[in-house]
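# Coordinate analysis (summary)
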Amino acid sequence: MFIQTEATPNPDTVKFLPGIPVAGYLGPFDYPDAASARSSLLARALFQVDGVERVFLGSDFVSISKEAARDWKHVKPMVLAAIMDHFMAGLPVVDEDAASSDADDITYEGAAAEIVEEIRELIETRVRPAVAQDGGDITFRRFDPETGIVHLTMRGACAGCPSSTMTLKQGIENMLRTYVPEVTAVEAEL
C-alpha cells in the first residue's frame, strides 16, 4: 500500500491519501480529540500516535493535525504506519451506526427555506470540494433569517488553520452574499 501525503494551508495539518475510500459515503467525520473517537477504530489508532491532536476522515483521505510543538518528521512516519496497519488488517474505518447528519434539526419555512436551500447548494457544489482538496470540510449549521447570518462548521485542516478566517470572510461570505443577497455575514461555529 502506498500512501501519498499533501501539505495543507494549515502548517500543523497534513493530508494522507491511502488510494482507497476512507469514510466513503458515511462521512466525513471529525474527531477533535481522542475522547470523541469512540466510533472509529482508525481514529483511535491515530490518536495513539504521540503528537496527534485531531483526526479528520474524508471520503478518500485522512487529515491529521499535530501538536504545534511536535515536528512532522517524527509524527508522519508513525501516522503512515497506523494508517497502513489499519487498512492492511481489513478493519472498518467507522461504526456504520455513527453516521449522522451535519445540519441541526431546524425546519425552515417559506422564503427562509428557499434561502437555506440556495446556501446549502452553494456550499455543497462550490465550497466543500475546494476545501476538501486542502484536507478540510465546511458544513452548513444554520441560517438566521432575521440577521442574515449563516453559521458554518469548519473541520479537518480548516479547524484552527491560520488562513481559515480569511477563507471564511473573504471567500465564502463574499460568494454567498453575491448569490444570496439575504446573507449579511458568515460566522464559524465551534
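Treat the numbers as computed from the prediction; the structure is a model and nothing was measured. (Residues numbered from 1 in each chain as written. Predicted model: local features only at pLDDT ≥ 70, side-chain atom pairs only at ≥ 80, totals over all residues. Heavy atoms only, no water.)

### So, the environment of proline 32
Along the chain, proline 32 falls in the loop between strand E3 (29-31) and helix H1 (41-47). For proline 32 and isoleucine 83, which are 51 residues apart along the polypeptide, the C-alpha to C-alpha distance reads 18 Å. When neighbours within four sequence positions are excluded, proline 32 is seen to be in contact with Phe47, Glu53 and Arg54. (Helix = DSSP H or I, 4+ residues; strand = E, 2+ residues; numbered from the N terminus. Contact = heavy atoms within 4.5 Å.)

### Topic: the sheet that holds strand E2 (residues 13-17)
Pairing in this open sheet of 5 strands is antiparallel, and the strands run E1-E2-E5-E4-E3 from one edge to the other. Of all the strands in the sheet, just strand E1 (4-7) and E3 have a single pairing partner and so form its edges. For this sheet, the mean angle separating the axes of adjacent strands, direction not counted, is 20°. The pairing of E1 with E2 spans 4 bridges and is antiparallel. Bridging from a neighbouring strand, alanine 7 pairs with valine 14 of E2. Strand contacts of helix H2 (residues 72-88): E1, E2, strand E4 (52-57) and strand E5 (62-66), with the helix running at about 30° to E2, the strand carrying the most contacts. (Pairing = 2+ DSSP bridges. Axes fitted to C-alpha atoms, helices over the stretch in contact; angles between N-to-C directions.)

### Considerations on helix H3 (residues 110-133)
Between its first and last C-alpha, H3 extends 35 Å over 24 residues, near the 34 Å set by a 1.5 Å rise per residue. At valine 127, H3 is bent by approximately 40°, the largest bend along its length, and proline proline 129 sits one to four residues beyond. Burial in H3 covers these residues: Ala112, Ile115, Val116, Ile119, Leu122, Ile123, Val127, Arg128 and Val131. Considering only its buried residues, H3 is in contact with strand E6 (136-144), strand E7 (149-156) and helix H4 (164-179). Just downstream of H3 lies glycine 135, where phi reads positive at about 85°. (Expected span 1.5 Å × (residues − 1). Bend = angle between axes of the 7 residues up to and from the residue. Buried < 20%, exposed > 50% of the residue type's maximum accessible area, 1.4 Å probe, protein only.)

### Looking at the packing of aromatic side chains
By the definition in use, this model includes 2 aromatic pairs. Measuring from ring centre to ring centre gives 6.4 Å for phenylalanine 29 and tyrosine 31, while their planes differ by 15°; the resulting arrangement is stacked. Since its relative accessible area comes to 8%, phenylalanine 29 is described here as buried. Judged by centre distance (5.9 Å) and plane angle (35°), the ring pair of phenylalanine 56 and phenylalanine 61 falls under tilted. Here phenylalanine 61 falls in the buried class, since its relative accessible area comes to 4%. Above the ring of phenylalanine 61, the side-chain terminus of lysine 15 is found at 4.7 Å from the ring centroid. (Phe/Tyr/Trp six-rings, centres within 6.5 Å; stacked < 30°, edge-to-face > 60°. Lys NZ or Arg CZ within 6 Å of the ring centre and 35° of its normal.)

### Some words on a negative patch on the surface
A cluster of acidic residues, Glu114, Glu117, Glu118, Glu121 and Glu182, forms a negative patch at the surface. Topologically, glutamate 182 is positioned in the loop between H4 and strand E8 (185-188). (Patch = residues over 30% accessible without salt bridge, like charges linked within 9 Å, V, L, I, M, F, W, Y side chains within 5 Å. Areas by Shrake-Rupley, 256 points an atom, 1.4 Å probe, with all protein chains shown as cover. Salt bridge = Lys/Arg side-chain N within 4 Å of Asp/Glu carboxyl O. Lys, Arg positive; Asp, Glu negative; His and termini not counted. Charge placed at Lys NZ, Arg CZ, Asp CG, Glu CD.)

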